[in-house]
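Each chain, letter by letter, is given below.
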Amino acid sequence: MDKAESPGMAGMEAVELTILMPCLNEAETLGTCVRKAMDYLARSGVAGEVLVADNGSTDGSQAIAEALGARIVAVPERGYGAALIAGIHAARGRYVIMGDSDDSYNFTALDGFVEKLREGFDLVMGNRFRGGIEPGAMPPLHRYLGNPVLSTIGRVFFGSPVGDFHCGLRGFDREAMLALELRAPGMEFASEMVVKATVNGLRIAEVPTTLSPDGRSRPPHLRSWRDGWRHLRFLLVFCPRWLFLYPGAALFLAGLVAMAALLPGPLPLGGVTFDVHTLLYASGAMVMGFQAVQFWVFARIYGGQQGVVPEEKRLVAVLARFGLEPALIVAGLLVLLGLGLGVAAVVIWGGEDFGQLTGMGAMRVAIASVTAMVLGLQLAFGAFFLALLGMMRAGPRGG
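Below: a short report on this structure. Note that the coordinates shown come from a computational prediction; the quantities given were computed from them, not determined experimentally.

Quick notes on the rules
Residues numbered from 1 in each chain as written. Predicted model: local features only at pLDDT ≥ 70, side-chain atom pairs only at ≥ 80, totals over all residues. Heavy atoms only, no water. Helix = DSSP H or I, 4+ residues; strand = E, 2+ residues; numbered from the N terminus. Rg over C-alpha atoms; globule rule 2.2 N^0.38 Å. Buried < 20%, exposed > 50% of the residue type's maximum accessible area, 1.4 Å probe, protein only. Contact = heavy atoms within 4.5 Å. Salt bridge = Lys/Arg side-chain N within 4 Å of Asp/Glu carboxyl O. Pairing = 2+ DSSP bridges. Arc of directions from axis to C-beta. Phe/Tyr/Trp six-rings, centres within 6.5 Å; stacked < 30°, edge-to-face > 60°. Lys NZ or Arg CZ within 6 Å of the ring centre and 35° of its normal. 1 Å grid on protein atoms, 1.4 Å probe; cavity = no way out; pocket = protein on both sides within 12 Å on 5 of 7 lines; lining within 4 Å. Points joined across faces, edges and corners; volume = space filled by probe spheres on them. Nonpolar A, V, L, I, M, F, W, Y, C, P; charged D, E, K, R; others polar. Polar contact = N/O pair within 3.5 Å; in protein donor to acceptor, adjacent residues only side chain to side chain.

**Some points on the overall build of the protein chain**
Counting secondary structure elements, the protein chain contains 14 helices and 10 strands. The globule rule puts the C-alpha radius of gyration for 399 residues at 21 Å, and the 29 Å found for the protein chain is more than 25% above it. Dimensions along the principal axes, computed over C-alpha positions, put the protein chain at roughly 95 × 55 × 40 Å. In the protein chain, which comprises 399 residues, the share counted as buried stands at 45%. A sequence separation of at least 24 residues applies to 77% of the contacts in the protein chain between residues at least 6 apart.

So, in structure tokens, the structure goes:
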């Protein structure tokens, strides 16, 4: 709910730019940030407003912002992302430039963002590594490990052009951003915005941005390891290909190759002999790898239905052509193969008068038997689960 409106601000149609600041007990620095933003609007002639998304401040931050002409939107749900999502919905400008209210970003130097937005870019990211990081502005852990590693993962996983995933100063087209249906309530919101903008084909640009030491006397809200994990967790969950498919496929293929090499007998390599014990681990690798690949399929189908991850149209098309019945036939053949190998193992045991087995031949066959049956059952159960997801997909929405 809006607490106040900027003096002289017209309706939403007359506002080109909203400068949005999330706030939770930022009385020490919020006033400075609002003044700088107001100065920018006055100097540049951009028709705009300053909007503070307050997350429940108890230090008088709201009164400070109101006195300086900012508009306030109260956000009861706690979290960096929750505050910004509410602020984006409440913004009146066609464009929004968001930035932290700790005085670490220069709100008087927004021309580069506005220019890129007017050129038609949907998301304009600040890049602190290109613009300059002042001494003491960023902890070494963030500067040399956290931000570079997470930004690299984001670029590799999603093909994003962004070099600084977690820069807090960024601008965007409000309607384009609302269409992404951003949901993350915490710090991982910063990654969600970039990732969803990338995978949905939005035009993205970067602007060099400076970072200054924040002006607060208290510690920041950010918690390095907790929030770093939340960013990494989001990147993994939003990219099932890297979380499930690639590791699973590699594990399955490695197990398959090892089983093919070890089923005939022991394999000496460089003074080391691999035998039935390695064969057992190879079987486990195949089973675990196959399961991981299945989880990738489940994640892509269900995640696409729920809007959590982009829909994989090629996968949907393949599954639609393959169907439940062909999958069950393959699964049945695997189970029958496993049962046949099980019979062969019993025959080998019978050759020993059902006594103590002296060789490893029966064990090899038994491992292959169990592997085939487990894979067959996994495939059958997975096919039925995908059929259920297909029914959900075709069925009516709602409860």
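**As for the pattern of salt bridges**
Scanning all chains against the criterion turns up 12 salt bridges. Between glutamate 181 and arginine 183 there is a salt bridge, and its shortest N-O distance comes to 4.0 Å. The exposure class of glutamate 181 is exposed, given its relative accessible area of 52%. On the basis of relative accessible area, arginine 183 is assigned to the partly exposed category, the value being 46%.

**Looking at the pairing of strand 6 (residues 123-127)**
In terms of burial, strand 6 is largely enclosed, as 5 of its 5 residues are buried. The alternating pattern of strand 6 places Leu123, Met125 and Asn127 on one face and Val124 and Gly126 on the opposite face, and all of these are buried. Of the strand pairs in this sheet, strand 6 and strand 7 (residues 170-173) are connected by 3 bridges, and their pairing is antiparallel. Of the residues in strand 7, the one forming a bridge with methionine 125 is arginine 170.

**Remarks on helix 4 (residues 111-118)**
Listed as buried for helix 4 are Phe113, Val114 and Leu117. Buried positions in helix 4, seen along its axis, are confined to an arc of 95° and lie on one side of it. Packing partners of the buried residues in helix 4 comprise strand 2 (17-23), helix 1 (30-44), strand 5 (95-98), strand 6, strand 7 and strand 8 (204-208). Two residues or fewer past helix 4, glycine 120 is found with a positive phi of approximately 110°.

**Focus on the packing of aromatic side chains**
Inspection of the entire model under this criterion finds 11 aromatic pairs. With centroids separated by 6.1 Å and ring planes inclined at 65°, the aromatic side chains of phenylalanine 157 and phenylalanine 158 adopt a geometry described as edge-to-face. Look at phenylalanine 157 and you get buried, because its relative accessible area is 10%. Taken together, the ring pairs in this structure connect Phe157, Phe158, Phe234, Phe238, Trp242 and Tyr246 into an aromatic cluster. For the cation-ring pair, arginine 203 lies above phenylalanine 121, with the distance from its terminal atom to the ring centre recorded as 4.2 Å.

**Quick word on the layout of surface pockets**
When its volume is computed, the second largest pocket comes out at roughly 580 Å³. Every residue lining the second largest pocket is counted, 26 residues in all, and those nearest its centre are Val297, Leu319, Ala320, Phe322 and Leu386. Counting residues per element, the ones that place at least two in the lining of the second largest pocket are helix 11 (276-306), helix 12 (313-322), helix 13 (324-351) and helix 14 (361-394). By residue class, the composition of the lining of the second largest pocket is 20 nonpolar, 5 polar and 1 charged.

**Section: the side chain of threonine 371**
Looking at where threonine 371 falls in the secondary structure, it is placed in helix 14. Threonine 371 sits in the buried class, given a relative accessible area of 4%. At 2.4 Å, the side chain of threonine 371 and the side chain of serine 283 are in polar contact. Those residues in contact with threonine 371 that sit more than four places away from it in its chain are Met259, Ser283 and Met286.

**Re the side chain of serine 283**
Relative to the helices and strands, serine 283 is located in helix 11. What makes serine 283 buried here is its relative accessible area of 9%. The residues contacting serine 283, other than those within four sequence positions of it, are Met259, Ile367 and Thr371.

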